[in-house]
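Examination of the molecular architecture
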Amino acid sequence: MNILILGSGGREHTFAYKIVQSNRCSQLFVAPGNAGTSEIAINISISVNDFEAIKNCVTRNDIKMVIVGPEDPLVNGIADYFLSSPELKNVMLIGPSKAGALLEGSKERAKEFMIDHKIPTAAYQSFTKETLKEGQLFLETLNPPFVLKADGLAAGKGVLILNNIEEAKNELEDMLSNSKFGAASSTVVIEEFLDGIELSVFVLTDGKNYKILPTAKDYKRIGEGDVGLNTGGMGAISPVPFVDDVLMQKIEERIVIPTVNGLQKENIDYKGFVFIGLINVNNEPFVIEYNVRMGDPETEVVLPRIKSDLVELFEATFHQELDKTSIEIDERAATTVMIVSGGYPEAYEKGKIISGIKNIEDSIVFHAGTSIKDEKFVTNGGRVLAITSMDMNYKKALKKSYQNIEKLHFDAMNYRKDIGFDLT
Ligand code: AMP
Ligand code: GLY
């Protein structure tokens, strides 16, 4: 069958890499894609939020399956759009309905869902412009650090963690009264700070059954030692070495099962990924966020470890038959290191010629922000390439990624040299 992937990052290149390996796939399309996807699929220059253009692309190319990479089109209701269209309703779209996507689209909604379904999470209250004073008083009842979260999508920048009470009160006012994050901060969730180590768990669900995918840990800060500004993610490791069977069982029983059951109880149509951000506090897992898609760069380490045919898993997801499938995982560890443009996550230049990709051996190069100019790969975004390697343990895998990165070059290229530094 013909398949379409929506998105243009390393995550989407990784989906493409797996999907072209399936003999269920005849022709793969990626919209809009990047230079990496153009080598294995047909890139179509349309925006992930232009539903009408996507509909035309699907009907014109006889596409039978659509995988939605980023959250935006999901929060905007692409799954509902497909279901309500006679020409599209039988197309196997992998991604939740708008009601499901609200678990990522609204932090307040996610917190209410967790409370209603008794899923462990940090204590919280939410506030609006009208209740700013109450919010500031609430801050005084908490111990630092203070966690302030813009309710809506804020491109990963909407969470502030502050040590000083006055600063926290001022930021709350800035978010609520001065629209610091635009409409996304018209409601702010203030929550208890959880002191522990983060990890992510990925689940594929058909709304009734689920499969737990490999765990991963990403490195969000630009600076080594986890300092500096937040990025989309500078590297990732899978599996997370400190997750043992006991912790995984707690995560499944206390978090994964109640989440899937909660979706079902609330009649939410959900055929897609749930990416659960967790903090492990003394071996007790708490949810800090839901995302309704795969992570980037987590996908670059999770998918290469899945040996099963991804297209078959997606077909079972669409038909609510995930219980009839099994999933085979590669025991080896996978690591990825993101190569970024100098200046990222602040201003950076594009169009720099990338050299050395063809010299990479024994690692996979996933393209993120790249395009082709005069038959050469050039940079076209902040995050440019993800170099993924696999080996018996994450240290050996990382060594391969770093050795291969030595062969790459573009003007002002940057990457973190300490991925995995906090693991033993
Ligand atoms: P989020 O967008 O909800 O994942 O939050 C961004 C980052 O803020 C997370 O990756 C955590 O590092 C941190 N964070 C969020 N919520 C909490 C919390 N309750 N306690 C401690 N850190 C948090
Ligand atoms: N790497 C974090 C995310 O995709 O949200």
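So, here's what we can say about the structure. What you see is a predicted model; the values in this text were computed from it and never measured. (Residues numbered from 1 in each chain as written. Chains lettered and ligands numbered in written order. Predicted model: local features only at pLDDT ≥ 70, side-chain atom pairs only at ≥ 80, totals over all residues. Heavy atoms only, no water.)

Some remarks on the pattern of salt bridges
Applying the stated rule across the entire model yields 27 salt bridges. The closest approach of N and O atoms between Glu 315 and Arg 24, which form a salt bridge, is 2.6 Å. With Glu 315 in helix 12 (residues 310-318) and Arg 24 in the loop between helix 1 (10-19) and strand 2 (27-32), this pair connects stretches of sequence that are 291 residues apart. The partner of Arg 254 in a salt bridge is Glu 284, and the shortest N-O contact between them spans 2.6 Å. Here Arg 254, found in helix 10 (residues 245-265), pairs with Glu 284, found in strand 17 (residues 284-291); they are 30 residues apart in sequence, far enough to count as distant. (Salt bridge = Lys/Arg side-chain N within 4 Å of Asp/Glu carboxyl O. Helix = DSSP H or I, 4+ residues; strand = E, 2+ residues; numbered from the N terminus.)

Things to note about unusual backbone geometry
Most peptide bonds take the trans form, and the phi angle of most residues other than glycine is negative. For the bond from Asp 296 to Pro 297, the omega torsion is 25°, close enough to zero to count as cis. Along the chain, Pro 297 falls in the loop between strand 17 and helix 11 (299-302). Between Tyr 344 and Pro 345 the backbone carries a cis peptide bond, its omega angle lying at 10°. Along the polypeptide, Pro 345 turns up in the loop between strand 18 (333-341) and strand 19 (364-367). Although it is not a glycine, Asn 283 sits at a positive phi angle of roughly 65°. In the Ramachandran plot, Gln 320 falls in the positive-phi region, its phi being about 55° despite a non-glycine side chain.

Details of the sheet that holds strand 3 (residues 42-43)
Here we have 5 strands laid out as an open sheet, ordered 3-2-1-4-5, and parallel in their pairing. Edge positions in the sheet fall to strand 3 and strand 5 (92-94), since each has one partner strand and no second. As judged from the 5 bridges shared by strand 1 (residues 2-7) and strand 4 (residues 63-68), these two strands associate in the parallel manner. Pairing of Asn 2 across the sheet is with Ile 63, part of strand 4. Docked against the sheet, helix 12 engages strand 1, strand 4 and strand 5, running at close to 100° with respect to strand 5. (Pairing = 2+ DSSP bridges. Contact = heavy atoms within 4.5 Å. Axes fitted to C-alpha atoms, helices over the stretch in contact; angles between N-to-C directions.)

A few points about the site of ligand 2
Near ligand 2, the surroundings consist of Asp 218, Gly 232, Phe 275, Arg 293, Gly 295, Asp 296, Pro 297 and Glu 298. In this structure, a nitrogen atom belonging to ligand 2 sits 2.9 Å away from a side-chain N or O atom of Asp 218. Within the side chain of Arg 293, a nitrogen or oxygen atom sits 2.9 Å from an oxygen atom of ligand 2. Counted by class, the shell around ligand 2 contains 2 nonpolar, 2 polar and 4 charged residues. (Near = heavy atom within 4 Å. Polar contact = N/O pair within 3.5 Å; in protein donor to acceptor, adjacent residues only side chain to side chain. Nonpolar A, V, L, I, M, F, W, Y, C, P; charged D, E, K, R; others polar.)

Quick word on the site of ligand 1
Near ligand 1, the surroundings consist of 14 residues, among which Glu 191, Glu 192, Leu 194, Glu 198 and Glu 289 are the closest. Relative to its unbound accessible surface of 470 Å², ligand 1 loses 88% to contact with the protein. For the shell around ligand 1, the secondary-structure elements that each account for two or more residues are strand 7 (146-150), strand 8 (159-162) and strand 17. When grouped by side-chain class, the residues that make up the shell around ligand 1 number 7 nonpolar, no polar and 7 charged. (Areas by Shrake-Rupley, 256 points an atom, 1.4 Å probe, with all protein chains shown as cover.)

Quick notes on the side chain of Thr 37
Within the element layout of this structure, Thr 37 appears in helix 2 (residues 35-40). When its relative accessible area of 1% is taken as the criterion, Thr 37 is described as buried. In this structure the side chain of Thr 37 is engaged in a polar contact, spanning 2.7 Å, whose partner is the side chain of Asn 43. The contacts of Thr 37, once residues within four sequence positions are left out, are Glu 12, His 13, Ala 16, Val 30 and Asn 43. (Buried < 20%, exposed > 50% of the residue type's maximum accessible area, 1.4 Å probe, protein only.)

A look at the sheet that holds strand 9 (residues 187-191)
Paired through backbone hydrogen bonds, the strands of a sheet run either parallel or antiparallel to each other. Ordered in space as 6-9-7-8, the 4 strands form an open sheet in which the pairing is antiparallel. Sheet topology places strand 6 (124-128) and strand 8 at the edges, where each strand pairs with a single neighbour. The average angle at which neighbouring strand axes cross in this sheet is 20°, direction not considered. Running over the sheet, helix 7 (residues 107-116) touches strand 6, strand 7, strand 8 and strand 9 and is turned about 45° from strand 9. Taken strand by strand, helix 9 (residues 165-177) contacts strand 6, strand 7, strand 8 and strand 9, and its axis lies near 10° from that of strand 7.

Things to note about the side chain of Asp 151
Residue placement: Asp 151 occurs in the loop between strand 7 and strand 8. Here Asp 151 is buried and forms no salt bridge, its nearest opposite-charge partner Lys 107 lying at an N-O distance of 8.5 Å. With residues up to four places along the chain from it excluded, the contact list for Asp 151 reads Gly 105, Ser 106, Lys 107, Glu 108, Arg 109, Ala 184 and Thr 187. (Lys, Arg positive; Asp, Glu negative; His and termini not counted.)

Re the packing of aromatic side chains
Evaluation of the coordinates by the stated rule reveals 12 aromatic pairs. Judged by centre distance (5.8 Å) and plane angle (50°), the ring pair of Phe 15 and Phe 273 falls under tilted. Taken together, the residues Phe 15 in helix 1 and Phe 273 in strand 16 (residues 272-281) connect sequence positions 258 residues apart. Phe 15 gets classed as buried once you look at its relative accessible area, which sits at 1%. Assessed through its relative accessible area of 5%, Phe 273 is described here as buried. Among the aromatic side chains, those forming a connected cluster through ring pairs are Phe 15, Phe 273 and Phe 314. Stacked on the ring of Phe 318, the Lys or Arg Lys 271 has its end atom at 4.8 Å from the ring centre. One residue, Lys 417, lies across the ring of Tyr 415, its end atom 4.5 Å from the ring centre. (Phe/Tyr/Trp six-rings, centres within 6.5 Å; stacked < 30°, edge-to-face > 60°. Lys NZ or Arg CZ within 6 Å of the ring centre and 35° of its normal.)

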